[in-house]
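So you can see what is in the structure, the chains are spelled out below.
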Amino acid sequence: MKKLLALLLCLVMLISFAACAVEEGSSDENDDAQNEEQTELSSVEQIKQSGKLRLGTSADYPPFEYHMDVDGQDTIVGFDIEMGKLIAEELGVELEITDMAFDALLISLQQGKFDLVAAGVTYSPERYGLFSDPYYVEGQAVLIRTEDLDTYTTAESLSGCTVGAQKGTVQAELAANMAQDVTCLELVKFPDLVTELKQDKIEAIVVDYVVAEDYLTAHDDLAISDIVLEDGQVNKCVVAQEGNQELIDVVNSVIAQGLADGSFDSLMQQAKENAQYEKPKS
Ligand code: ARG
């Protein structure tokens with residue numbers, strides 16, 4: 001009887017050991033599959049085979065990217081889109097645009113939802129992604145109401161105030177740290193911050209200079225303050241998945257060409273001009 005029990009026990013142990021082994025094996029396989037998914041790169045060859053370059057953007061940021069009525073059709077236009085078309089052309093494929101909240105772009109790139117992000121993205125070593133050479137270099141502006149031009153002349157003058165910035169941007173961090181006791185209001189869509197400012201709900205917005213300038217053309221009641229924020233984060237770059245040097249090399253060659261032959265200048269000029277007509281005049 002004892003012998004039988006011991007035998008049974010052995011058997012049970014053996015079976016559970018085998019089960020463990022199987023479990024381990026399968027979880028290893030899962031891990032491998034997951035890793036593969038995460039590190040799978042949209043290589044240049046894959047993009048060419050698929051016939052399209054998938055570009056992620058956040059079309060609320062003129063002149064980089066914004067919505068415009070083109071022949072009765074709501075269309076995403078702007079400098080980054082034109083640059084995206086040039087990159088797609090270089091690869092011999094179509095450009096496919098995905099529009100989403102700015103703060104979701106780099107995580108979606110990491111998940112492989114698109115091949116590149118072009119959204120006026122400022123280089124920061126803390127951000128995910130492989131950054132291209134800069135295609136546009138300019139600092140920040142502090143946008144205020146024109147009537148406050150003499151009140152807010154230094155960063156310290158905004159102490160105790162609420163300052164707006166788009167969620168997930170480098171400006172959100174800057175705004176929060178620009179002076180003592182500044183409360184930063186972070187909103188997902190940039191134009192909503194302009195509405196808040198015009199309605200006296202916030203005192204200022206920190207934003208990329210060229211975007212602030214763009215808003216001035218249609219809003220007399222807004223102005224760029226004299227406040228200078230020194231932060232060194234000024235380079236706007238295209239972003240690819242980490243490790244995708246092959247694709248960034250193509251992007252960099254398009255950028256080098258566009259900067260050298262002046263075509264980027266005229267594309268930016270065109271994007272600025274078009275954006276003026278699109279701005280709500282209220
Ligand atoms: N340059 C800033 C950053 O990278 C803001 C970019 C916002 N872009 C946009 N398309 N809304 O943090």
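Residues numbered from 1 in each chain as written. Predicted model: local features only at pLDDT ≥ 70, side-chain atom pairs only at ≥ 80, totals over all residues. Heavy atoms only, no water.

Enquirer: Any chance you could explain the overall build of the protein here in plain terms?
Expert: Check the secondary structure of the protein and you find nine helices and 13 strands. Among the 282 residues that make up the protein, the fraction classed as buried is 43%. Of the roughly 14800 Å² of accessible surface on the protein, 51% is carried by carbon and sulfur atoms. (Helix = DSSP H or I, 4+ residues; strand = E, 2+ residues; numbered from the N terminus. Buried < 20%, exposed > 50% of the residue type's maximum accessible area, 1.4 Å probe, protein only. Areas by Shrake-Rupley, 256 points an atom, 1.4 Å probe, with all protein chains shown as cover.)

Enquirer: Just to check I follow, could you spell out the pairing of strand β3 (residues 73-77) for this structure?
Expert: Residues in a regular strand project their side chains so that they alternate between the two faces of the sheet. In the sheet, strand β2 (residues 66-70) pairs with β3 via five bridges, with the strands oriented antiparallel. The partner of V70 across the bridge, within β3, is Q73. The antiparallel hairpin formed by β2 and β3 contains two residues in its connecting segment, where D71 sits at a positive phi of about 50 degrees. (Pairing = 2+ DSSP bridges.)

Enquirer: What is the right way to read the nonpolar core from this model?
Expert: Side chains that are nonpolar tend, in soluble globular proteins, to be buried together. Judged by nonpolar contacts, the single largest core of 49 residues is most densely connected at M83, L91, L116, Y135, F190 and I205. Among residues more than four places away in sequence, those in contact with M83 are A118, Y135, V238, I255 and F264. Membership of the second largest hydrophobic core comes to 18 residues, among which are I144, M178, A179 and I227. (Core = buried A, V, L, I, M, F, W, Y, C linked by side-chain atoms within 4.5 Å. Contact = heavy atoms within 4.5 Å.)

Enquirer: Mind showing me how you'd approach the pairing of strand β9 (residues 162-166) here?
Expert: Within β9, four of the five residues are buried, which leaves it mostly tucked inside the rest of the structure. What joins β9 to strand β10 (residues 183-187) is helix α5 (residues 170-177), and the crossover it makes is right-handed. Bridge count for β9 against strand β11 (residues 204-208) is two bridges, and the pairing is parallel. Across the sheet, V163 pairs through a bridge with A204, a residue of β11. (Right-handed = clockwise from strand over helix to strand, strands pointing away.)

Enquirer: Honestly, the site of the ligand in this entry has me stumped. Any pointers?
Expert: In the vicinity of the ligand there are 15 residues, among which G120, T122, R127, Q166 and D208 approach most closely. One of the side-chain nitrogen or oxygen atoms of D60 is found 2.8 Å away from a nitrogen atom of the ligand. Between the ligand and V170 there is a distance of 2.8 Å, counted from an oxygen atom to a backbone nitrogen or oxygen. In isolation the ligand has 350 Å² of accessible area, and contact with the protein removes 100% of it. Going through the elements one at a time, β5 (116-122) and α5 are the ones with two or more residues in the shell around the ligand. In terms of residue count, the dominant contributor to the shell around the ligand is β5 (four residues). (Near = heavy atom within 4 Å. Polar contact = N/O pair within 3.5 Å; in protein donor to acceptor, adjacent residues only side chain to side chain.)

Enquirer: Help me out: how do you make sense of α5 in this one?
Expert: For the α-helix, the turn length of 3.6 residues means that residues three or four positions removed from each other point alike. Within α5 the residues assigned to the buried category are V170, Q171, A172, L174 and A175. Elements that come into contact with the buried residues of α5 comprise β5, β8 (140-145), β9, β10 and β11.

Enquirer: Looking at this structure, how should I read the pattern of salt bridges?
Expert: Pairing between side chains becomes possible if they bear opposite charge and their charged atoms approach one another. Under the counting rule described, the total for this entry stands at ten salt bridges. Notably, a salt bridge pairs K167 with D103, separated by 3.5 Å at the nearest N-O pair. Residue K167 is found in the loop between β9 and α5, and its partner D103 is found in the loop between β4 (94-99) and α4 (105-110); the two are separated by 64 residues along the sequence. Judged by its relative accessible area of 35%, K167 falls in the partly exposed class. Owing to a relative accessible area of 36%, D103 belongs among the partly exposed residues under this scheme. Residues joined by salt bridges that share partners form a network here, namely R145, E147, D148, D200 and E203. (Salt bridge = Lys/Arg side-chain N within 4 Å of Asp/Glu carboxyl O.)

Enquirer: Sorry, what's going on with the packing of aromatic side chains here?
Expert: Aromatic ring pairs are described here by two measures, namely the spacing of the ring centres and the angle between the planes. All chains considered together, the criterion is met by seven aromatic pairs. Between Y61 and F64, the aromatic rings sit 6.1 Å apart at their centres with planes inclined by 20 degrees, giving stacked as the arrangement. When sorted by exposure, Y61 lands in the same class as F64, which is buried. Where F79 meets Y135, the ring centres are 5.6 Å apart and the plane angle is 20 degrees; that geometry is what we call stacked. (Phe/Tyr/Trp six-rings, centres within 6.5 Å; stacked < 30°, edge-to-face > 60°.)

Enquirer: What am I meant to see in the sheet that holds β10 here?
Expert: By definition, the strands of a sheet pair up through backbone hydrogen bonds, in either a parallel or an antiparallel sense. Overall, mixed pairing links the five strands, which are arranged β10-β9-β11-β8-β12 in an open sheet. Both outer strands of the open sheet, β10 and β12 (222-224), are each paired with one neighbouring strand and no more. Neighbour-to-neighbour, the strand axes of the sheet open up by a mean angle of 30 degrees, direction not taken into account. Sheet topology places β9 next to β10; five bridges connect them, and they run parallel. In the sheet register, G164 faces β10, and the bridge partner there is L185. Contacts from helix α6 (residues 190-198) reach β8, β9, β10, β11 and β12, with the element oriented near 150 degrees to β11. (Axes fitted to C-alpha atoms, helices over the stretch in contact; angles between N-to-C directions.)

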